[in-house]
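Residue-level structural notes
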Amino acid sequence: MTEIGSEAAVALTAAASRLQAMTVSDLFEQDATRVAAFSRKAAGLHLDFSKQRLDQDALNTLLGVAKQFDLSGAFKQLTEGAPLNITERRAALHTLLRGTAAETLATQYSDVRDCLARMRLLVDAVHSGGRRGHSGSLFSDVVNIGIGGSDLGPRMVCRALDNEHRRLRAHFISNVDPHDLDTVLADLNPATTLIIVCSKTFTTEETLTNALRARQWLTAGGVSHAALAQHVLAVTTNLDAAAEFGIDIDQCYPMWDWVGGRYSLWSAIGLIIALHSGWGAFEALLAGANAMDEHALSTPYADNMPMLLALFELWNTHYLGAETHVVLPYSQRLEKLAEFLQQLTMESNGKRVNLEGQTISAPTAPVLWGSAGTIGQHSYYQLLHQGNREFSADLIMPLTNGDVDLDAHRKLAANAFAQSRAFMIGRSTEDAQALAASRQQPELAPHFEMPGSHPHSLLWCDAITPATLGALIAAYEHKTFFLSRLLNVNAFDQWGVELGKVIGRQIRGILETGDGIDALDPSTAAAARAWITANRA
Ligand code: F6P
């Protein structure tokens, strides 16, 4: 049970047992207008939630909860810079990065504008050849070194916007596993490669290790120390650490403590997006996100797309027993979306303590996973259709797919619609028996039966453009925030990540010297001893 008032919780529990006794197909039979009544549009996105296990009464109760929590008021506070990240005493102003509430926050916005102007100068200079590599060659490749929020967002967007009009090839190095960097750099030429070290804190082990190795790669490849400034940029709040690392201050682009890492692709962390896709594309991405911000700010509860998405998650996870939430983009260009959303939703709302510091007994963020359709259909969809774990899902698709083979694109769409329909209708006992009988194998009937009624939404846009992508990402950001309010958790801290970092630092020392190994627990000590033995020179 969440922290919603007992009256609403009782009403929702009653609605859930009423609806669990029906199928979603029953709901369609009861209400012929269901698709129109349960569809919304915002900022170029179309949401059809008619296949959620929901009726108007249950939706009204959920909307009552949203009002009780004053989700609209909380969102306005967020966008106007209230310090809602209470454990770090900070605002979370990613919306300002796309100009939302710029008039209210004129001082901070002038910093944002200055940063955008500097970014644009850089991007124009690289694209026009005004800025070149040390040997005078044009840059052909840009490498982003970062992790978490300093990697996943730009990586996902560059993949989604990649096409033959790309300005520079974009590459990403994230893992401290040396194979990541070695594989990416193996095909690149130091003379034509620009490297951006993205780290809000400039203390992250993976990023600093990779930045050091990338710099060695540049110098070994003929870039003199004096010319490194032409090839290496940084994006950070920690200018001192970047300077200590050897990056010139004028090659550093700012971040602010009021932007969370997983919400930062709209800042200079998105430089690689602009270098890859062009400045116009980056601006359109910001504009699309701003359109979703304005929608979320000004649209009444019942039509507010991100708010509805949050309410469905509350409903499915807390009342209908969904254990996980699956994101299924029917677009190869969105193949990185689920990974990005994993950090956004699970780092934001995967908390066990509420805003008052009390333990929460109910699940908070659902486990989010997924991958591009149709690939998953030949892998884990078996569990979705016939397994006994409850889930909810978003199926996402662009209606058009650029200038591609229409026949293949039609097959992709047919698969998306087929899966959505199969999630809903399943296969009844009677149909399973008929199928088994037609194969003269009546004993197989139980194997052919599928429950269906898996709650999911369809989310589509005309095409994946920078603007629709910006709106889509912002919709999920706001869904995450609204859900955090319903769960009464802080969406903007990540104390859980710190634990592993602290222990990691201790163990790194132990692996270097062997000292202190006996103080570890026996299992970790045995693994560490095995590692030391295997790596002894
Ligand atoms: O994974 C934890 C985390 O702190 C994320 O929140 C953040 O996005 C990532 O590390 C990278 O941090 P930084 O940008 O400071 O290197």
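What this report covers is the structure whose coordinates are included nearby. (Residues numbered from 1 in each chain as written. Predicted model: local features only at pLDDT ≥ 70, side-chain atom pairs only at ≥ 80, totals over all residues. Heavy atoms only, no water.)

Observations regarding the sheet that holds strand β1 (residues 39-42)
Applied cut-off: Here, any two strands with at least 2 DSSP bridges between them count as paired. Only DSSP runs of H or I with at least four residues qualify as helices, and only runs of E with at least two residues qualify as strands; both kinds are numbered from the N terminus onward. Lines fitted to C-alpha atoms define the axes, with helix axes restricted to the stretch in contact, and inter-axis angles between N-to-C directions lie between 0 and 180 degrees. Two residues form a contact once any of their heavy atoms are found within 4.5 Å.
Pairing in this open sheet of six strands is mixed, and the strands run β1-β2-β11-β10-β8-β9 from one edge to the other. Each end of this open sheet is capped by a strand with a single partner; those strands are β1 and β9 (367-369). Here the average twist between neighbouring strands, direction ignored, is 15 degrees. Where strand β8 (residues 324-329) lies against β9, three bridges are found, and the strand directions are parallel. By the bridge assignment, H325 is partnered in β9 with L368. In this fold helix α17 (residues 406-425) packs onto β8, β10 (391-398) and β11 (456-461), with an angle of close to 155 degrees to the strand it touches most, β10.

Structural notes on the sheet that holds strand β6 (residues 232-236)
With respect to topology, five strands assemble into an open sheet ordered β4-β3-β5-β6-β7, the strand pairing being parallel. Strand pairing shows two members of the sheet lacking a second neighbour, β4 (169-173) and β7 (252-254), which therefore form its edges. The mean angle between the axes of side-by-side strands here comes to 20 degrees, regardless of whether they run parallel or antiparallel. Each of β3 (141-145) and β4 touches helix α8 (residues 178-186); the most contacted strand, β4, lies at about 160 degrees to it.

Looking at the side chain of T79
This is how the line gets drawn: For every residue, the accessible area (1.4 Å probe, protein chains only) is compared with the maximum for its type, and the residue is labelled buried under 20%, exposed over 50%, or partly exposed between those bounds.
Here T79 lies in helix α5 (residues 71-79). When its relative accessible area of 1% is taken as the criterion, T79 is described as buried.

Observations concerning the side chain of T468
Inclusion rule: Residues adjacent in sequence count toward polar contacts only when both atoms are side-chain atoms; beyond that, a polar contact is any pair of N or O atoms within 3.5 Å, and within protein one must be able to donate a hydrogen and the other to accept it.
Tracing the sequence through the fold places T468 in helix α20 (residues 466-487). Among the polar contacts listed, one links the side chain of T468 to the backbone oxygen of A463, at a separation of 2.8 Å. Discounting residues that sit within four places of it in the chain, T468 has contacts with G44, L45, C461 and A463.

Re unusual backbone geometry
What is expected of a backbone is that most residues other than glycine have negative phi and most peptide bonds are trans. Each neighbour pair has its own omega, and for G373 with T374 the value is 10 degrees, a cis peptide bond. Following the sequence through the fold, T374 ends up in the loop between β9 and α16 (381-386). A positive phi angle is found at F202, which is not glycine, with a value near 55 degrees. A residue is classified by how much of its surface remains accessible, and F202, at 3% relative accessible area, is buried. For S453, which is not glycine, the phi torsion reads 60 degrees and is therefore positive. Along the chain, S453 turns up in the loop between α19 (445-448) and β11. Classification of S453 as buried rests on a relative accessible area of 5%.

Observations regarding the site of the ligand
The condition is simple: Here, proximity means that at least one heavy atom of the residue falls within 4 Å of the molecule or strand. With residues, only the protein chains shown are counted as cover, and all accessible areas are computed by Shrake-Rupley using a 1.4 Å probe.
Inspection of the region around the ligand gives 14 residues, with G149, S150, S199, T201 and T204 positioned closest. Residue T201 places a side-chain N or O atom 2.6 Å away from an oxygen atom belonging to the ligand. A distance of 2.8 Å is found between an oxygen atom of the ligand and a side-chain nitrogen or oxygen belonging to E347. Coverage of the ligand by the protein chains reaches 88% of its 400 Å² of free accessible surface. For the shell around the ligand, the secondary structure elements donating two or more residues are α15 (337-349) and α21 (495-513).

Details of a nonpolar patch on the surface
What counts is decided by this rule: A patch consists of residues whose relative accessible area exceeds 30% and which take part in no salt bridge; residues with like charges are grouped when within 9 Å of each other, and nonpolar side chains (Val, Leu, Ile, Met, Phe, Trp, Tyr) when within 5 Å. Here a salt bridge means any side-chain nitrogen of Lys or Arg lying within 4 Å of a carboxyl oxygen belonging to Asp or Glu.
Taken together, L499, V502 and I503 make up a surface patch of nonpolar side chains, about 260 Å² in accessible area. Locating V502 in the fold gives a position in helix α21.

A word on the packing of aromatic side chains
The line we're drawing: When the centres of two rings from Phe, Tyr and Trp lie within 6.5 Å, Trp using its six-membered ring, the rings pair. Their planes under 30 degrees apart give stacked, over 60 give edge-to-face, and anything left gives tilted.
Scanning all chains against the criterion turns up 15 aromatic pairs. With 5.4 Å between their ring centres and 50 degrees between their planes, F75 and F482 make a pair best called tilted. Of the two residues, F75 is situated in helix α5 and F482 in helix α20; the sequence distance between them amounts to 407 residues. Ring centres 5.9 Å apart and planes at 25 degrees place the aromatic pair Y381 and F423 in the stacked group. Placement of the pair is Y381 in helix α16 and F423 in helix α17, with a sequence separation of 42 residues. With a relative accessible area of 1%, Y381 lands in the buried category.

Considerations on the pairing of β3
Put simply, the test is: The definition of a right-handed crossover adopted here requires that, viewed with the strands pointing away, the path from the first strand over the helix to the second runs clockwise.
Of all five residues in β3, five are buried; the element is thus mostly enclosed. Side chains D141, V143 and I145 project from β3 onto one buried face, and the interleaved V142 and N144 project onto a second face that is buried too. In the classification by handedness, the crossover that spans β3, the intervening helix α7 (residues 152-161) and the parallel β4 is right-handed. Relative to strand β5 (residues 193-198), β3 runs parallel, the two being bridged by five bridges. In the strand pairing of β5, I145 is matched with V197.

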